Amino acid sequence: MICLGIEGTAHSIGIGIVKDTKGKCNVLSNIIKIYRPEHGGIHPREAANHHATHVADLIKESIEAAGVDFTDINLISFSQGPGLGPCLRTAATAARALSLSLNKPIMGVNHCVAHLEIGRGTIDDCKDPVLLYTSGANTQVIAFAEGKYRVFGETLDIGIGNCLDKFGRAVGMDFPSGPKIEKLAEKGKQYLELPYSIKGMDIAFSGLLTASEQYYQKGKRLEDICYSMQETTFAALTEVTERAMAHTEKDEVLLGGGVASNKRLRDMVQTMAEERGARFFVPSKDLCIDNGAMIAWLGLLMYNSGIRMKVEESLIDQRFRTDMVDVSWRD
Amino acid sequence: MTEKTILYRGAEAEICLSNYMGYKSVQKRRVRKAYRIKKIDDRLILSRTKGETKLIAEARKQGVSVPIVYDVDLKDGIITMEYIEGKRIKDIFNDLNKKERIDICKKIGVSIARLHNGGIIHGDVTTSNMILANDRIHFIDFGLGEKNSEIEAKGVDLHLLMEAIESTHSKYSDYFSYVLDGYKKELKEDANLVIQKIEEIVKRGRYR
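Residues numbered from 1 in each chain as written. Chains lettered and ligands numbered in written order. Predicted model: local features only at pLDDT ≥ 70, side-chain atom pairs only at ≥ 80, totals over all residues. Heavy atoms only, no water.

## Considerations on the nonpolar core
- In terms of nonpolar packing, the biggest core is built from 56 residues, with A:Phe167, A:Met229, A:Leu237 and A:Val269 touching the most fellow members.
- Considering each element in turn, this core owes the most residues, eleven residues, to helix H7 (residues 222-248) of chain A.
- Once residues lying within four places of it in the same chain are set aside, the contact partners of A:Leu237 are A:Leu132, A:Thr134, A:Thr139, A:Ile160, A:Ile203, A:Phe205 and A:Leu265.
- By size, the runner-up hydrophobic cluster in this structure holds 41 residues, among which are B:Ala59, B:Tyr172, B:Leu180 and B:Val202. (Core = buried A, V, L, I, M, F, W, Y, C linked by side-chain atoms within 4.5 Å. Buried < 20%, exposed > 50% of the residue type's maximum accessible area, 1.4 Å probe, protein only. Helix = DSSP H or I, 4+ residues; strand = E, 2+ residues; numbered from the N terminus. Contact = heavy atoms within 4.5 Å.)

## Considering the packing of helix H5 (residues 178-185) of chain A against H7(A)
Residues and elements named next belong to chain A.
- Two elements in contact, H5 and H7, have axes whose closest approach is 7 Å; the angle formed by their N-to-C orientations is 110°. The orientation of H5 relative to H7 falls into the category roughly perpendicular. On H7, the residues touching Ile-181, Glu-182, Leu-184 and Ala-185 of H5 are Leu-222, Glu-223, Cys-226, Tyr-227 and Gln-230.
- Taken together, the residues of the contact of H5 with H7 sort by class into six nonpolar, one polar and two charged. (Axes fitted to C-alpha atoms, helices over the stretch in contact; angles between N-to-C directions. Parallel < 35°, antiparallel > 145°, perpendicular 65-115°, else oblique. Nonpolar A, V, L, I, M, F, W, Y, C, P; charged D, E, K, R; others polar.)

## Some points on the sheet that holds strand E6 (residues 130-134) of chain A
Residue and element names in this part refer to chain A.
- Strand order across the open sheet formed by five strands is E8-E7-E6-E11-E12, with mixed pairing between neighbours. Unpaired on one side and paired on the other, strand E8 (148-154) and strand E12 (279-281) mark the two borders of the sheet. The average angle at which neighbouring strand axes cross in this sheet is 25°, direction not considered.
- Against the sheet, helix H3 (residues 111-122) makes contact with E6, strand E7 (139-145), E8 and strand E11 (252-256), and its axis sits at roughly 125° relative to E6, the strand it touches most.
- Strand contacts of H7: E6, E7, E8 and E11, with the helix running at about 155° to E6, the strand carrying the most contacts. (Pairing = 2+ DSSP bridges.)

Have a look at this one:
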């Protein structure tokens, strides 16, 4: 079975085509185009306009890259939520148009669950991981328990990427700031004390953001602030992930989301996993960031487990929670 | 201490069997984490060991069952305390009969209210951190706790338990209301303010 997936929850529009081969995910193509605001953060309507402008060409490009024909596609899936309304609607509209014109079934999928399933689908030994999902808007620790993907820990205020971006904006960096902060942090020498806020398996960043901005206003070295921010937030993220692993008694950890590209975060989680005797997995970069292949793969899993969706049921859900999905494709 | 028998390896500490002047005891040893820098590691181990010891003592004063602390080693982050012979609520919760489960939930609520009456926030109220022994629920692991009398902190504390019951005992997620029954009965201030706060926290969470 071949599925074409359309991702469009936030700044990225992605078209991925995947095929199932003996239960594993075979990515045939995965084309991503990212909206970059000239200044400031993501304006939802402008991001949606960007997606609408490019989606048709990207679909053609993805079909070509996959070496398939439109008639080979068996299923169309799209990111149903969570995300920014205008962006979600653009992706959903494109999916409905394709589904109706090709006369192929449609499937709306949960974006956060897709980040986890793409790890399980593409990495051989990754079977039952705890996912640390870190992106701009999302920071969640997700694991499978009692028939659902449950959120064991999450941010109580802003996502980690959002925290880094907001700091970056306050000190004059372009969006996204994460990679710039990572570079500067490498030159950090002195650790500046920052709030370390975890509540059980939940986490909060806004106090740390304010404190970091205050250090900047007081004229502390930017490199030291970036270093201290990374060390503190990533240590807290690693700690809540480890807590979730201990709590759920799982011995696999998977990274997902844009912030998982950060080398320091990877190193920390990997070290934690090694100390626990657990296995550490991270998908390739294009499958870690928002992408269409993961949407296609989850749609395919759902369809194969017997789930069906009519076009009139394909409404988007900006607040689509991870634990609202009935996971019928796993035991 | 010669050899150590590890009873449980948690995320931040090892629980080892020990003997303190003839008493069967456990040692909670906070483990150094190679993933974080030494400054953060030192600060967390010291403040949590210190804070936990203090909160255990205060919880006892409020009438909440907790292990007796025998010794504290701040340098190495080790607390030696009473061994509580019992069962974790997490392990027995799903197998209880309805009446027992309601009773346990109410008792949990009463104990949390007593902690909150004393301005104690547990900080990690999950069923893994409660041990049933001699018909009493013992609270352990105050490592993420703090002294705080604000409604917000109390709400976050209860919200944690609500989430823990939802994720670990999903079949019985509605039993959280019995926890609140016990809590209302025991809390000195108006429990409805805290309950309203829980609703607010739920809505504040992402995608609610």
